[in-house]
Amino acid sequence: VQLQASGGGVVQAGASLRLSCAASGLTGSRYVVGWFRQAPGKERDFVAAISRSDGSTLYADSVKGRFAISRDNAKNTVYLQMNSLKPEDTAVYYCVVDSRSSLSSSRRAQSYDYWGPGTQVTVSS
């Protein structure tokens, strides 16, 4: 399985970015794709997740209402639309896949068995 995240960059507070995660090598349809982020000196935090099969979503409270996760199954790609970005959103964002569990356990980093290399998002004030 290979995950490739893209779309990161440097923006000012209040701007928007859209991250993409292209997945290859996955079989079946019952898996979860998520995003985690890690700021310098901090732990890796859950951001959002989506079920590949039915499109159900889950968000961290810190991004609810500002970020939206979506999927394009035909392209094996998941998107994270990030609006109203804040300096505290600055982090490396990782695309992750959980091929074994359901959305109910998607907030836990340990649930994910595949991690992409990450893409940097920097929000200046």
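Everything that follows concerns the structure shown earlier in this document.
Criteria and cut-off values
Residues numbered from 1 in each chain as written. Predicted model: local features only at pLDDT ≥ 70, side-chain atom pairs only at ≥ 80, totals over all residues. Heavy atoms only, no water. Helix = DSSP H or I, 4+ residues; strand = E, 2+ residues; numbered from the N terminus. Rg over C-alpha atoms; globule rule 2.2 N^0.38 Å. Buried < 20%, exposed > 50% of the residue type's maximum accessible area, 1.4 Å probe, protein only. Contact = heavy atoms within 4.5 Å. Polar contact = N/O pair within 3.5 Å; in protein donor to acceptor, adjacent residues only side chain to side chain. Pairing = 2+ DSSP bridges.

A.B. asks: I'd love a proper account of the overall build of the protein chain, names of residues and values included.
C.D. replies: Secondary structure assignment for the protein chain yields zero helices and eleven strands. In sequence order, the protein chain lays out its α and β elements as β-β-β-β-β-β-β-β-β-β-β. In terms of overall dimensions, the protein chain is globule-like: its C-alpha atoms have a radius of gyration of 13 Å, near the 14 Å expected for 125 residues. Along the first, second and third principal axes, the C-alpha set of the protein chain runs to 45 × 25 × 25 Å. Buried residues in the protein chain amount to 42% of all 125 residues. The contacts of the protein chain with a sequence gap of at least 6 include a subset with a gap of at least 24, amounting to 56%.

A.B. asks: Tell me what's going on with the side chain of arginine 66, and back it up with residues and numbers.
C.D. replies: Among the secondary structure elements, arginine 66 is positioned in the loop between β6 (57–59) and β7 (67–72). You can call arginine 66 buried: its relative accessible area is 11%. One polar contact links arginine 66 to aspartate 89, side chain to side chain, over a distance of 2.8 Å. In this view, arginine 66 contacts Gln81, Met82, Asn83, Ser84, Leu85, Lys86 and Asp89; residues no more than four positions away in its chain are not counted.

A.B. asks: Kindly report on unusual backbone geometry, identifying the contributing residues and their values.
C.D. replies: Residues other than glycine seldom take positive phi values, yet asparagine 76 does so here, at roughly 50°. Considering the arrangement of structural elements, one finds asparagine 76 in the loop between β7 and β8 (77–82). For asparagine 76, a relative accessible area of 37% gives the class partly exposed. Residues other than glycine seldom take positive phi values, yet serine 84 does so here, at roughly 50°. Within the secondary structure, serine 84 is located in the loop between β8 and β9 (91–98).

A.B. asks: Hey, could you go over the pairing of β9 for me, with residue numbers and the actual values?
C.D. replies: Of all eight residues in β9, seven are buried, a share of seventy percent or more. Judged from the seven bridges that link them, strand β4 (residues 32–38) and β9 form a sheet pairing that is antiparallel. Of the residues in β9, the one forming a bridge with valine 32 is aspartate 98. Pairing of β9 with strand β11 (residues 119–124) involves three bridges; the strand directions are antiparallel. For tyrosine 93, the partnering residue across the bridge sits in β11 and is threonine 119. Note that β9 and strand β10 (residues 114–115) share two bridges and pair antiparallel. In the sheet register, valine 97 faces β10, and the bridge partner there is tyrosine 114.

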